[in-house]
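Letter by letter, the chains look like this.
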Amino acid sequence: MTVVSSAEEVVVGVAGLMARFHHGGSDARYRPGSGDAGAAVRRLGDRLRSGPDSPGAERLLGGLLRSGGRRPWRPLYKLIESLDHQNRQPPDWQVLIQDLLSWDRDVKKRWAEEYYTYEREA
């Protein structure tokens, strides 16, 4: 049996998310500084209802935050698929790696705060 370190799990997991989003190539939608997973969930929805006004985004955020002490891989894959499908920007991959390496209540709280308190640019 092979033992995988926490860091290796995170790097391999995020590489899988990146591959899913970018389909093996580069993608102009990605920009460093695009925020954490909470900000990414907030971008989901349509022109009329997005972020906290979108029931789908609310459910997805709930899945991310209810993962207990385990990293939320399944909800993260759902997030990446939804962002790709809606042609939205993914989270900053470097921030996501750091968040998952230090996965705890503080990270979950920050994601929730970013989701609920983010203000759109005018």
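Every value quoted in this text rests on a predicted model; they were computed, and no experiment measured them.

Conventions used here
Residues numbered from 1 in each chain as written. Predicted model: local features only at pLDDT ≥ 70, side-chain atom pairs only at ≥ 80, totals over all residues. Heavy atoms only, no water. Helix = DSSP H or I, 4+ residues; strand = E, 2+ residues; numbered from the N terminus. Buried < 20%, exposed > 50% of the residue type's maximum accessible area, 1.4 Å probe, protein only. Polar contact = N/O pair within 3.5 Å; in protein donor to acceptor, adjacent residues only side chain to side chain. Axes fitted to C-alpha atoms, helices over the stretch in contact; angles between N-to-C directions. Parallel < 35°, antiparallel > 145°, perpendicular 65-115°, else oblique. Left-handed = near helix turned anticlockwise from the far one by under 90°. Contact = heavy atoms within 4.5 Å. Nonpolar A, V, L, I, M, F, W, Y, C, P; charged D, E, K, R; others polar. Phe/Tyr/Trp six-rings, centres within 6.5 Å; stacked < 30°, edge-to-face > 60°. Salt bridge = Lys/Arg side-chain N within 4 Å of Asp/Glu carboxyl O. Core = buried A, V, L, I, M, F, W, Y, C linked by side-chain atoms within 4.5 Å.

*Asks:* Before we move on, can you summarise the side chain of Asp84 with the specific residues and values?
*Replies:* As for its placement among the helices and strands, Asp84 is situated in helix H4 (residues 73-85). When its relative accessible area of 15% is taken as the criterion, Asp84 is described as buried. Within the local environment of Asp84, its side chain forms a polar contact with the side chain of His23, the two groups lying 2.9 Å apart.

*Asks:* Before we move on, could you go through the packing of helix H1 (residues 6-22) against H4 and cite the residues and values that matter?
*Replies:* Relative to each other, H1 and H4 sit at 25°, their axes nearing to 9 Å. The angle between H1 and H4 falls in the class roughly parallel. Classified by chirality, the crossing of H4 by H1 is right-handed. Facing Glu9, Val10, Gly13, Val14, Gly16, Leu17, Arg20 and Phe21 of H1, the residues of H4 in contact are Trp73, Leu76, Tyr77, Ile80, Glu81, Leu83 and Asp84. Among the residues making up the contact of H1 with H4, the classes are represented as nine nonpolar, two polar and four charged.

*Asks:* How would you explain the packing of aromatic side chains if you had to name every residue and give the values?
*Replies:* For the coordinates displayed, the defined rule picks out three aromatic pairs. The interplanar angle of 65° and the centroid separation of 6.3 Å between the aromatic rings of Phe21 and Trp93 together place this pair among those described as edge-to-face. You can see Phe21 sitting in helix H1 and its partner Trp93 sitting in helix H5 (residues 93-101), a full 72 residues away along the chain. You'll find Phe21 and Trp93 in the same group, each marked buried. Between Tyr115 and Tyr116 the ring centres are 4.7 Å apart and the planes differ by 85°, which places this aromatic pair in the edge-to-face class.

*Asks:* Let's hear about the pattern of salt bridges: which residues, and what values?
*Replies:* Where charged atoms of side chains with opposite charge meet at close range, the side chains can pair. Inspection of every chain in the model, using the stated rule, returns six salt bridges. Here Arg110 makes a salt bridge to Asp36, at a shortest N to O gap of 3.1 Å. Note that Arg110 is positioned in helix H6 (residues 105-117) and Asp36 in the loop between H1 and helix H2 (37-42), a separation of 74 residues in sequence. Note on Arg110: relative accessible area 32%, which makes it partly exposed. Here the salt bridges share partners, and the residues they tie into one network are Arg20, Glu81 and Asp84.

*Asks:* Could you give an account of the nonpolar core, naming the residues involved and the relevant values?
*Replies:* Ranked by size, the top nonpolar core spans 24 residues in total, and within it Leu76, Leu79, Leu96, Leu100 and Trp111 carry the most contacts. Contributions of two or more residues to this core are made by H1, H2, helix H3 (55-65), H4, H5 and H6. By residue number, the principal contributor to this core is H4, which donates five residues. Those residues in contact with Leu96 that lie beyond four places of it in its chain are Val14, Leu17, Leu76, Pro91 and Trp111.

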